[in-house]
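Structure assessment
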Amino acid sequence: MKSVFRFGGGTAEGDATQKELLGGKGANLAEMAGIGLAVPPGLTIATSVCAAYYDAGGRLPDDVQAQVLDSLAFIEGVTAKKFGDATNPLLVSVRSGARVSMPGMMDTVLNLGLNDQTVEGLAAASGNARFAWDSYRRFIQMYGDVVLELDHYAFEDALEIAKEDKGVTQDTGLDADDLRKLVARYMAIVEQALGRPFPQDPHEQLWGAIGAVFGSWRSDRARTYRRLNDIPENWGTAVNVQAMVFGNLGDTSATGVAFTRDPSTGEHAWYGEYLINAQGEDVVAGIRTPQYLTKAAREKAGAKAASMEEAMPVVFAELGRTFDLLERHYRDMQDIEFTVEDNRLYILQTRSGKRTAKAALRIAVDMVGEGLITEAEAVKRVDASAMDQLLHPTLDPKAVRDIIARGLPASPGAASGIVVLDSDSAEIRALAGDSVILVRTETSPEDIHGMHAARGILTARGGMTSHAAVVARGMGRPCVSGAGGISIDLVGRTVSTGGRIVKEGDRITIDGATGDVMLGDVPTVEPDLSGDFGILMEWADKHRRLKVRTNAETPEDCRVARQFGAEGIGLCRTEHMFFEPSRITAVRRMILAEDTAGREAALAELLPEQRADFAEIFRVMAGLPVTIRLLDPPLHEFLPHDDEGLADVAAATGLPETLVRRRINELHEFNPMLGHRGCRLGITYPEIYAMQARAIFEAAVKVAQETGAAVVPEVMVPLVATAKELELTKAAIDAEAAAVFAATGTTLDYLVGTMIELPRAALRAGDIAAHAQFFSFGTNDLTQTTLGISRDDSARFMGPYVEKGIYPKDPFVSIDEDGVGELVALAAERGRSVKPDLKLGICGEHGGDPASILFCEGLGLDYVSCSPYRVPIARLAAAQAALKKG
Ligand code: PEP
Ligand code: MG
């Protein structure tokens, strides 16, 4: 079977469509070679070999080895160099390339093929001994770290000592002789740690590096990244082996990374960093501070070091032409790696650039304006979940700020929290409920879990394309990178900045949009949702079939949701209203009452309050549908659980403490989630639901009379399991409606429906539909009851469950399509078969999850309902779902 594919020299086996086979990097290298760009020749070992490698016990199958050697000969032909040759050696890079990019997850080895002989050949062939020895020491360092798994600090220390001895601060201050000595030191480090010398045979080096790439697919950090990003384990990675070109050949050489548009703001301006006389990893590792690509960017930052536009105008012009060509070719913003070898430009990688939500919006909208993509494509391009970043507050511009440091605005958004100096502590503190700002000198892939747990990330070193910046943008965490003024003392557990000391645990605020770091908490303001956001949402709405409602119970939440485009309320949970201080005593008196008369007296007090609640919501929603759910939780939730609270309740209600205690004991349940709750309350205490129904209808009549607009309340019954429960409850609701209409001389349309949140209800949806005008799938309880997993306790064990692939995602976040989803599908079908015009919606947390929304679109539900801040996400996801389907 063909497993190795070549590219370069004006040809390519494959193209950009073959990401599954060649990985993202391999497919794009083939594509670029195919369209005639200067790509160093190379070979790609297919992703399918990753599994074969593991099956073969961690070695490359023989036939794949043979194909690699065959293609290596092809690379030798194109470059006119020879692998392992003592006079004119071919050097290669070995890199990973999964289907989607996994920043920092997989490892890279450069300059492979160097040994004690070939280094001399390279020195002679290039006429540059310093370059050859610099390349060799880099190779030993990377190979030692990635393949031999030695501690990279040992190498870094040796390099620092060499610089100190010489009295220089930059790597470039070391000459060929210094580097030769450093290589000898590195060799000693390897031999000491390993008990055997550094491998001198280039083929042994090659197989080792290929193995390490495949091996790193299963590293802890790669697994963590995949889990956080829903990337399946079985995809595997490809391996790219490519002829080296050298950015460290002197001052006419350079290396850089660039985005064709600004990845933070989306502005249509080339954006990137480069370093003269350097190799690729120098830019991303944050070891040397990179220089700007364009003159404009340099001037804006007030930097002195020449931009590439100024230092290398001819190559820069060619680079610009390549950027335009690649953008037009891929019709998307590109993230490009390039190297200039002695004034010749090579493109080493291109891929769709990761971007902030803000940039994604702007780029999509701009590209429609530029005629590059259609409106529908723009809608498909913006990751709905990432919109979350835009919908959250930013720092109040008027707030007083005590700025203690400044860095680069690496990932937007503002966050406050306690300073934590390492990732393990960050995770622990976050789990304990603290909001955490992770503060590091620089981050590495080992920090992924800490970055994920943190609200924000602050680093002392590294540019806009450093690990911290790239990963934080991907995760949607605010990040300030390269705050050079701070220094971290890991022993004393403090951060010092400008003569001030911040202790671990002190609170700071970071603003990832400006790069400011402030002491204490700084107030925030709501985001501005006009401009590009509004335009894209309009386009989304044109393509959307599903309606989007919100789960809200306060007038304020209703207002926010309407601003975000909610088309009604899908779930108004009335229990939250019962906790209001003005009425909790009446609620408790109702619960503690020992007979119907006692309950009715207390409920009479609550009636005007509930009526006012509903009237205000009807006013805010101005004619949009409002689904109000009758009381759901078990009554003991409204009672105190300690002696102090008990005494307070006794005093407030005027009841003896003994009675209060007795009632609390009577109401105690072993499994409250499966106990006396939902419509079971309405069946046993009909007066509670009667009061609520009366309040709903009286409020509806009042607001209809006030405004002259139609008010159509939808009364929803929770936790129904049998048709009879709904039949009885509906009869009681209808009786209240009739009584209110008779008393006020007004009638209005209303609906009575039920939640489908128990498996029995889903199975008997046909019978239940006979008494319902709508179903709303309560997928929180339906997931809990179908899986038999408590929604309040699942977090303790769901992590390993998802990691082991038992559930593909947390089923309380994204609907379990095979199980819960099947019940929803079945209930929708059975319900509609009895009542074709039955209105169907979903109001569990899944109503705001893009994958679940896609599932709902597939079932042809009428609407999804989600929390106010997720409404725009749901609108976009609903449009994307419709476009995908249609
Ligand atoms: C549900 O169970 O999905 C639901 C929306 O109701 P609650 O979360 O209030 O139980
Ligand atoms: Mg529920």
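Since this is a predicted model, take the numbers as computed values, not measurements. (Residues numbered from 1 in each chain as written. Chains lettered and ligands numbered in written order. Predicted model: local features only at pLDDT ≥ 70, side-chain atom pairs only at ≥ 80, totals over all residues. Heavy atoms only, no water.)

Attention now goes to the pattern of salt bridges. Taken as a whole and judged by the stated rule, the model has 71 salt bridges. The partner of Asp516 in a salt bridge is Arg406, and the shortest N-O contact between them spans 2.8 Å. Here Arg406 lies in strand E15 (residues 403-406) and Asp516 lies in strand E25 (residues 516-519), a separation of 110 residues in the sequence. The class for Asp516 is buried, based on a relative accessible area of 7%. Given the relative accessible area of 55%, Arg406 is considered exposed. Because the salt bridges share partners, they merge into one network encompassing Arg130, Asp134, Arg137, Arg138, Glu160, Lys163 and Asp171. (Salt bridge = Lys/Arg side-chain N within 4 Å of Asp/Glu carboxyl O. Helix = DSSP H or I, 4+ residues; strand = E, 2+ residues; numbered from the N terminus. Buried < 20%, exposed > 50% of the residue type's maximum accessible area, 1.4 Å probe, protein only.)

There is a patch of like negative charges on the surface, built from Asp145, Glu149, Asp151 and Asp157. As for its position among the elements, Asp157 is in helix H6 (residues 152-166). Assessed through its relative accessible area of 46%, Asp157 is described here as partly exposed. (Patch = residues over 30% accessible without salt bridge, like charges linked within 9 Å, V, L, I, M, F, W, Y side chains within 5 Å. Areas by Shrake-Rupley, 256 points an atom, 1.4 Å probe, with all protein chains shown as cover. Lys, Arg positive; Asp, Glu negative; His and termini not counted. Charge placed at Lys NZ, Arg CZ, Asp CG, Glu CD.)

To continue, consider the domain arrangement of the chain. Domains assigned within the chain are domain 1 (4-243), domain 2 (254-355), domain 3 (392-525) and domain 4 (544-570 + 757-886). One C-alpha centre belongs to domain 2, the other to domain 4, and the line joining them spans 45 Å. (Domains from an automatic or database assignment.)

Orientation of helix H2 (residues 48-55) relative to helix H8 (residues 202-216), taken along the N-to-C sense of each, is 95 degrees, at an axis distance of 10 Å. Here H8 runs roughly perpendicular to H2, going by the angle between their axes. In contact with Val49, Cys50, Tyr53 and Tyr54 of H2, H8 contributes Gly211, Phe214 and Gly215. Across the contact of H2 with H8, the residue classes break down as 5 nonpolar, 2 polar and no charged. (Axes fitted to C-alpha atoms, helices over the stretch in contact; angles between N-to-C directions. Parallel < 35°, antiparallel > 145°, perpendicular 65-115°, else oblique. Contact = heavy atoms within 4.5 Å. Nonpolar A, V, L, I, M, F, W, Y, C, P; charged D, E, K, R; others polar.)

A cluster of nonpolar side chains, contributed by Phe797, Tyr801 and Ile806, occupies part of the molecular surface with about 250 Å² of accessible area. Positionally, Tyr801 belongs in helix H32 (residues 795-803).

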